[in-house]
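# Chains, contacts and geometry: an overview
One letter stands for each residue in the lines below.
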Amino acid sequence: MSAQVIDGRACARALKASVAAEIEQLREERLPIGLATVMVGGTYGSLAYERRLRRLAADLDVPYVPRKLPVTVSQAELDDTIAELNAAPGVSGILILRPLPPHLSEAATFQSIHPAKDIEAVHPQNAGLLALGVPRYVPSTAASAYHLLDTWLDSVGEDRADFYHRSLIVVVGRSNNVGKPAVSLGYDRQAAVESIDEWASRTGTLGRHTRRADVLIVAAGRPGLIRAEHVNDHAVVIDVGINPRTGPDGVTHMVGDVDHDTVAPRVRAITPVPGGVGPVTDVWLLRNTVAAARLNSARLLSSQEPS
């Protein structure tokens, strides 16, 4: 029996309608909103992501401020660009597109974003709040993985709390923007959570962990890492991987970290790539931008009040 395919595009459409209503409410309240992206150089993945965000912002009539810097930019120049966006009243959310070139410090770059505009929760303050279970913003990809899972649970009539309380969530990948937040969100749901990374495949222990998973979230950045022998028949598999692969015809397309063709026949449910986590992530980032618009407006109002 083949897995149920969790339709990310349908989920994203529903979420987009909700976000559009929130944006309309901001306009009625005359609260400014704007999304800024900062890209240094650009890879296939970051360029594709930036194009999707540009189109989505246009669809939702959200002002979009792209900053594309040369790959040779210095850390000081990058920090100056972020400082400019921090000070811009029309920019409510700032996204740093990754990867950054090796000569730039991710840690220093993330710390230079104002925490109230850090919609991916990469600033140490926001990452700390997320780890403590009181997030200012939830990183969009990890949030989208659980949003898809929650939506699927509702569709099959499973009680969310009961499901999580009896489930083991195994997260493959320990990145700061996906893997670690996914672990924190699993803890928030009172699930048992296990974190591993691609080294488990090198030591031959990957399947020992993943075969026990009720929910398998894979965000390792390794195409086809998870195969049929790594899963059980009741698992729900959330594939976060987005890996460019060029076929014999010279056309580049995206594949996940899960070997979909061999895994799908063995599990209970699975997200596809493309069409799974990605579309929801795009909309969730705009959802965070809406939240940031409210937070920044409140912050600006507070700073103008007489002491």
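The rules behind these values
- The residue count restarts for each chain, going from 1 along the sequence in the order it is written.
- Selection of residues for local features in this predicted model requires a pLDDT of at least 70, selection of side-chain atom pairs for listing and counting requires 80 or more, and totals for whole chains, interfaces and linings are taken over all residues.
- Each side-chain value is worked out from all heavy atoms of the structure, with water and hydrogens disregarded.
- Here a strand is any run of E in DSSP of at least two residues, a helix any run of H or I of at least four, and the numbering for each starts at the N terminus.
- Radius of gyration here uses only the C-alpha atoms, and the compact-globule reference equals 2.2 Å multiplied by the residue count raised to the power 0.38.
- Only protein chains enter the calculation, and the probe is 1.4 Å; a residue is then buried if its accessible area is under 20% of its type maximum, exposed if over 50%, and partly exposed in between.
- Under the counting rule used here, the positive set is Lys and Arg, the negative set is Asp and Glu, and His together with the chain ends is not counted.
- To locate a charge, the coordinates of NZ of Lys, CZ of Arg, CG of Asp or CD of Glu are taken.
- Each pair of strands is called paired provided DSSP finds at least two bridges between the two strands.
- By definition in these notes, contact holds between two residues if any of their heavy atoms fall within 4.5 Å.
- Any Lys or Arg side-chain nitrogen found within 4 Å of a carboxyl oxygen on Asp or Glu counts as a salt bridge.
- For every element, the axis is a line fit to its C-alpha atoms; helices are fit only across the contacting stretch, and the angle between N-to-C directions ranges from 0 to 180 degrees.
- Any angle between 65 and 115 degrees counts as roughly perpendicular, while under 35 counts as roughly parallel, over 145 as roughly antiparallel, and the rest as oblique.
- Each residue receives one of three labels: charged for Asp, Glu, Lys and Arg, nonpolar for Ala, Val, Leu, Ile, Met, Phe, Trp, Tyr, Cys and Pro, and polar for the others, Gly being one of them.
- Pairing of aromatic side chains requires ring centres within 6.5 Å, counting the rings of Phe and Tyr and the six-membered ring of Trp. Pairs whose planes differ by under 30 degrees are stacked, by over 60 edge-to-face, and all others tilted.
- Over a ring means this: the NZ of a Lys or the CZ of an Arg is within 6 Å of the ring centre and within 35 degrees of the ring normal.

### A short note on the overall build of the protein chain
Helix and strand content of the protein chain: 12 helices and 11 strands. For 307 residues, the compact-globule formula gives about 19 Å, and the C-alpha radius of gyration of the protein chain, at 20 Å, lands near that figure. By its C-alpha atoms, the protein chain is 60 × 45 × 35 Å across when sized along the principal axes. Looking at the protein chain residue by residue over its 307 residues, the buried ones come to 51%. If you average the places of the 31 positive and of the 34 negative side-chain charges in the protein chain, the two averages end up 2 Å apart.

### Re the pairing of strand E4 (residues 93-96)
The side-chain alternation of E4 yields two buried faces, one formed by Gly-93 and Leu-95 and the other by Ile-94 and Ile-96. With 4 bridges connecting them, strand E2 (residues 35-40) and E4 associate as parallel partners. Bridging across to E4, Ala-36 finds its partner in Ile-94.

### Quick look at helix H8 (residues 179-188)
For H8, a buried count of 7 out of 10 residues is recorded, marking the element as mostly surrounded by other parts of the structure. Turning to H8, its buried residues are Gly-179, Pro-181, Ala-182, Val-183, Ser-184, Leu-185 and Gly-186. If you follow the buried residues of H8, they end up packed against helix H5 (124-131), helix H6 (140-155), strand E5 (168-172) and strand E6 (192-196). The first or second residue beyond H8 is Gln-190, which carries a positive phi of 60°.

### A short note on the pattern of salt bridges
Going through the model one piece at a time under the given rule, you end up with 18 salt bridges. A salt bridge links Arg-52 to Asp-282, with the nearest nitrogen and oxygen atoms 2.7 Å apart. Taken together, the residues span a long stretch of sequence, with Arg-52 in helix H2 (residues 44-59) and Asp-282 in helix H12 (residues 277-304) at a distance of 230 residues. A salt bridge links Asp-197 to Arg-174, with the nearest nitrogen and oxygen atoms 3.6 Å apart. Of this pair, Asp-197 sits in the loop between E6 and helix H9 (199-202) while Arg-174 sits in the loop between E5 and H8; the two residues are 23 residues apart in sequence, bridging distant segments of the chain. Among the charged side chains, a network of salt bridges with common partners joins Asp-150, Asp-154, Arg-160 and Arg-189.

### Examining the packing of helix H1 (residues 8-28) against H6
One way to put it is that H1 packs onto H6 with a least axis distance of 11 Å and a crossing angle of 95°. Of the possible angle classes, the one that applies to H1 and H6 is roughly perpendicular. Contacts from Gly-8, Cys-11 and Leu-15 of H1 reach H6 at His-147, Leu-148 and Thr-151. Of the residues that constitute the contact of H1 with H6, the class distribution is 3 nonpolar, 3 polar and no charged.

### Points about the side chain of His-123
By secondary structure assignment, the location of His-123 is in the loop between helix H4 (106-111) and H5. Overall, His-123 belongs to the buried group, its relative accessible area being 10%. If near-sequence neighbours (up to four positions away) are discounted, His-123 is found in contact with Phe-110, Gln-111, Ile-113, Pro-115 and Asp-118.

### Re the packing of aromatic side chains
The full count for this structure, using the stated rule, is 1 aromatic pair. An angle of 75° between the planes, with centres 5.6 Å apart, marks the rings of Phe-163 and Tyr-164 as edge-to-face. This pair shows no difference in class: Phe-163 is buried, exactly as Tyr-164 is. Over the ring of Trp-284 we find Arg-287; its NZ or CZ atom is 4.4 Å from the centre of that ring.

### A short note on the pairing of strand E9 (residues 243-246)
In this structure, E9 lies alongside strand E10 (residues 252-255), joined through 4 bridges in antiparallel fashion. By the bridge assignment, Thr-246 is partnered in E10 with Thr-252. What sits between the antiparallel neighbours E9 and E10 is a turn of 5 residues, in which Gly-250 has the positive phi angle 85°.

### Some words on the sheet that holds strand E7 (residues 215-218)
In sheet architecture, strand pairing relies on hydrogen bonds along the backbone and comes in two forms, parallel and antiparallel. Ordered in space as E1-E11-E8-E7-E5-E6, the 6 strands form an open sheet in which the pairing is parallel. Looking at strand neighbours, the two that pair on one side only are strand E1 (4-5) and E6, the edges of this open sheet. Where E7 lies against strand E8 (residues 236-239), 4 bridges are found, and the strand directions are parallel. Within the sheet, the bridge partner assigned to Val-215 lies in E8 and is Val-236. Where H6 meets the sheet, it contacts E1, E5, E7, E8 and strand E11 (269-270), and its direction lies at approximately 145° from that of E8.

### Comments concerning unusual backbone geometry
The omega torsion across Arg-98 and Pro-99 is 5°, close enough to zero to call that bond cis. Its place among the elements puts Pro-99 in the loop between E4 and H4. In this model, Val-273 is joined to Pro-274 through a cis peptide bond whose omega is -5°. Of note, Pro-274 is situated in the loop between E11 and H12.

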